[in-house]
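What the coordinates show
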Amino acid sequence: MRVILGVSGASGAALAVEAAHHLRALDARIDLVVSAAAERTLAAECGPGALTGLIALCDHRHDLRDVGAVIASGSTPVAGMLVAPCSMRSLAAISLGLDDNLLTRAAGVQLKERRPLVLLAREAPLTLAHLRNMAAVTEMGGIVMPPVPAFYMRPETTAEIVQQIAARAVDLMRLGLPVAQAWMGDCPQETG
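Residues numbered from 1 in each chain as written. Predicted model: local features only at pLDDT ≥ 70, side-chain atom pairs only at ≥ 80, totals over all residues. Heavy atoms only, no water.

Proteins that are soluble and globular tend to have nonpolar side chains buried together. Within the largest apolar cluster, 33 residues are counted, with the highest numbers of intra-cluster contacts made by L5, V7, L54, L82, V118 and L120. Secondary-structure elements contributing two or more residues to this core are β1 (2-7), α1 (14-25), β2 (29-34), α2 (36-46), α3 (50-57), β4 (80-86), β5 (117-121) and α7 (158-172). When residues of this core are assigned to their parent elements, the largest contribution, 6 residues, is made by α7. L120 has contacts with L15, L82, V83, A84, P85, C86, M145, P147, I165 and A169, leaving out every residue within four places of it along the chain. Formed by 24 residues, the second largest nonpolar core is a distinct cluster that contains L102, A106, A107 and L111. (Core = buried A, V, L, I, M, F, W, Y, C linked by side-chain atoms within 4.5 Å. Buried < 20%, exposed > 50% of the residue type's maximum accessible area, 1.4 Å probe, protein only. Helix = DSSP H or I, 4+ residues; strand = E, 2+ residues; numbered from the N terminus. Contact = heavy atoms within 4.5 Å.)

Shown next, in the form of structure tokens:
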């Protein structure tokens, strides 16, 4: 199983690293595309070695400028693509079909081939342009998943929040059994 992991320059770089761990646990082959802004964000938010660590989790890193890479073609069999995090710039390009770099081109290919495309759109507050771009991608078959914490799980650390969000994003691709912690509902207390 081959999956594309796109990383754009929005805040939330740890989501990419954690998603790569989840994909690796599913034995997925990971094709990585990282924007220049994402390289900077990875270093700022996760430390200077974060990009090297992320690359080590993946099978192949593609140059953002290489719009002729194999993942830019619908004839290349992949199970889908996750963009974690997804900047509003990347979201806009994907929603408009600009295909102006390998990340946006590969995302556009997933849409045209009707494959899963999950975008962890990261911005707040949202403008009308952001909302319209989210609606457009959704109408084309993509899934827009803002990385919202599952507070009902009562996470104790930021790492737990990141892990749950990344797991939910990978689960949305339907690549294997769900790995995210599931809500168990309000369970009545057992009595004696």
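There's plenty left to go through after this.
Let us now look at the packing of aromatic side chains. All chains considered together, the criterion is met by 1 aromatic pair. With a centroid separation of 5.2 Å and 80° between ring planes, the pair formed by Y152 and W183 is classed as edge-to-face. Here W183 lies in the segment after α7 and Y152 lies in the loop between β6 (143-144) and α7, a separation of 31 residues in the sequence. (Phe/Tyr/Trp six-rings, centres within 6.5 Å; stacked < 30°, edge-to-face > 60°.)

Before going further, it helps to spend a moment on the sheet that holds β1. To summarise the sheet geometry, strands pair through backbone hydrogen bonds and adopt either a parallel or an antiparallel arrangement. Strand order in this open sheet of 6 strands is β3-β2-β1-β4-β5-β6, and the pairing throughout is parallel. A strand with exactly one partner marks an edge of an open sheet, and here the two such strands are β3 (60-62) and β6. Strand contacts of helix α4 (residues 88-96): β4 and β5, with the helix running at about 145° to β5, the strand carrying the most contacts. (Pairing = 2+ DSSP bridges. Axes fitted to C-alpha atoms, helices over the stretch in contact; angles between N-to-C directions.)

Purely geometric numbers; function is a separate question.
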